[in-house]
Amino acid sequence: KQEVTQIPAALSVPEGENLVLNCSFTDSAIYNLQWFRQDPGKGLTSLLLIQSSQREQTSGRLNASLDKSSGRSTLYIAASQPGDSATYLCAVRPESGGSYIPTFGRGTSLIVHP
Amino acid sequence: GAGVSQTPSNKVTEKGKYVELRCDPISGHTALYWYRQSLGQGPEFLIYFQGTGAADDSGLPNDRFFAVRPEGSVSTLKIQRTERGDSAVYLCASSLRGTSGGTHSTDTQYFGPGTRLTVL
């Protein structure tokens, strides 16, 4: 059974810092990995999706990398802003079997203070 | 355009009661997913619909949980004889396509805001 772990569980930083959030998974047979953002009382918003054949994806100040063989992904946030405060979740879809339902990590709760 | 909506946003009920949670997916999306998210946890899969049929209900915890999507759009998650352990946020997501014939869809899932269920 796939297990997804996110470290750290919580992070509080001053505005302007560059951040790295980590996601690891136990079964490397994945189809893709996706990073989401969740604001309090809201649903999940997709940030970046990396296919298993890709090494990284970038969107604005966000960069996500994937090392499938070692079961790791990182989300890099450059020049953090208070508006980045949220919980960040990663999810992996399996390569085969069933309905390819994603497995989520518990998330990293990020607070960026002015 | 309109996103995924869920009603009610909050539901408080007593142990043993029956509840229904509603999800309105994005118009035209054929795939619909239900997840349950407990405090401090990531979403856990419950059931996946492709059109009107439940393509995968392997995540439903027991027979007190049931979901329908009779016309291939709106879906209702039904919980009978609620227990305190059912308290969680229930999330719904839809995507343009799901998976069929063993092939993947890379479509992004769009999530609703969730229904927070509290069982007293």
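Anyway, here's the lowdown on the structure attached to this text.

What counts and how
- Residues numbered from 1 in each chain as written.
- Chains lettered and ligands numbered in written order.
- Predicted model: local features only at pLDDT ≥ 70, side-chain atom pairs only at ≥ 80, totals over all residues.
- Heavy atoms only, no water.
- Pairing = 2+ DSSP bridges.
- Helix = DSSP H or I, 4+ residues; strand = E, 2+ residues; numbered from the N terminus.
- Axes fitted to C-alpha atoms, helices over the stretch in contact; angles between N-to-C directions.
- 1 Å grid on protein atoms, 1.4 Å probe; cavity = no way out; pocket = protein on both sides within 12 Å on 5 of 7 lines; lining within 4 Å.
- Points joined across faces, edges and corners; volume = space filled by probe spheres on them.
- Contact = heavy atoms within 4.5 Å.
- Buried area = accessible area lost by both parts, 1.4 Å probe.
- Polar contact = N/O pair within 3.5 Å; in protein donor to acceptor, adjacent residues only side chain to side chain.
- Nonpolar A, V, L, I, M, F, W, Y, C, P; charged D, E, K, R; others polar.
- Disulfide = S-S within 2.5 Å.
- Buried < 20%, exposed > 50% of the residue type's maximum accessible area, 1.4 Å probe, protein only.
- Lys, Arg positive; Asp, Glu negative; His and termini not counted.
- Salt bridge = Lys/Arg side-chain N within 4 Å of Asp/Glu carboxyl O.

### Quick notes on the sheet that holds strand β8 (residues 75-79) of chain B
All names here are of chain B. The strand order β1-β3-β8-β7 describes an open sheet built from four strands, whose pairing is antiparallel. Strands with a single pairing partner mark the edges of an open sheet, and in this sheet they are β1 (5-7) and β7 (65-68). Recorded for the sheet is a direction-independent mean angle of 15° between the axes of neighbouring strands. The pairing of β7 with β8 spans four bridges and is antiparallel. Residue pairing in the sheet places Phe65 in a bridge with Ile79 of β8.

### Some details on empty space enclosed by the protein
Evaluated as defined, the whole model comprises one cavity of 30 Å³ or more. Reported here for the largest cavity is a volume of approximately 80 Å³. For the largest cavity, the lining is made up of twelve residues, of which Gln34(A), Phe36(A), Arg93(A), Pro102(A) and Gln109(B) are closest to its centre. Counting residues per element, the ones that place at least two in the lining of the largest cavity are β4 (30-38) and β9 (86-94) of chain A.

### Brief notes about the interface of chain A and chain B
Each partner contributes to the interface: chain A provides 22 residues, whereas chain B provides 24 residues. Counting each side, the surface lost to burial between chain A and chain B is near 1,800 Å², with a carbon and sulfur contribution of 56%. Scanning the region where chain A abuts chain B turns up two residue pairs in polar contact (both at pLDDT 80 or more). Those elements that place two or more of their residues in the side of chain A that touches chain B are β4, β5 (44-51) and β9 of chain A. By residue class, the composition of the side of chain A that touches chain B is ten nonpolar, eight polar and four charged.

### Let's talk about the state of the cysteines
Residue and element names in this part refer to chain A. Evaluation of the coordinates by the stated rule reveals two disulfides over all chains. Between the sulfur of Cys23 and that of Cys90 lies a disulfide, 2.0 Å long from S to S. Its S-S torsion of approximately 75° makes the covalent link between Cys23 and Cys90 right-handed. Placement of the pair is Cys23 in strand β3 (residues 19-25) and Cys90 in strand β9, with a sequence separation of 67 residues. Residue Cys23 shares its accessibility class with Cys90, and that shared class is buried.

### Some thoughts on the side chain of Arg36(B)
Residue and element names in this part refer to chain B. Within the secondary structure, Arg36 sits in strand β4 (residues 31-37). Although buried, Arg36 forms no salt bridge, and the nearest oppositely charged side chain, Asp86, lies 4.0 Å from it. When residues no more than four places from it in sequence are discounted, the contact partners of Arg36 are Gly42, Pro43, Glu44, Leu46, Pro61, Phe65, Gly85, Asp86, Ala88, Val89 and Tyr90.

### Re the sheet that holds β3(A)
Residues and elements named next belong to chain A. Read from one edge to the other, the open sheet built from five strands follows the order β1-β3-β8-β7-β6, with strand pairing classed as antiparallel. Only two strands of the sheet have a single neighbouring strand rather than two, namely β1 (4-7) and β6 (56-59). Ignoring strand direction, the axes of neighbouring strands in this sheet form an average angle of 15°. Inspection of the sheet shows β6 paired to strand β7 (residues 62-67) by four bridges, in the antiparallel sense. Residue pairing in the sheet places Ser59 in a bridge with Leu62 of β7.

### Points about the pattern of salt bridges
Using the criterion set out here, one finds six salt bridges over all chains in the structure. Between Arg37(A) and Asp39(A) there is a salt bridge, with the nearest N and O atoms lying 3.0 Å from each other. Residue Arg37(A) is classed as buried on the basis of its relative accessible area of 18%. For Asp39(A), a relative accessible area of 22% gives the class partly exposed. Note that Glu95(A) and Lys68(A) form a salt bridge whose closest N and O atoms lie 3.0 Å from each other. Of this pair, Glu95(A) sits in the loop between β9 and β10 (103-104) while Lys68(A) sits in the loop between β7 and β8 (72-77), placing them 27 residues apart in sequence. Taking relative accessible area as the criterion, Lys68(A) reaches 23% and is therefore assigned partly exposed. Several salt bridges converge on common partners, so that one network encompasses Arg64(B), Glu83(B) and Asp86(B).

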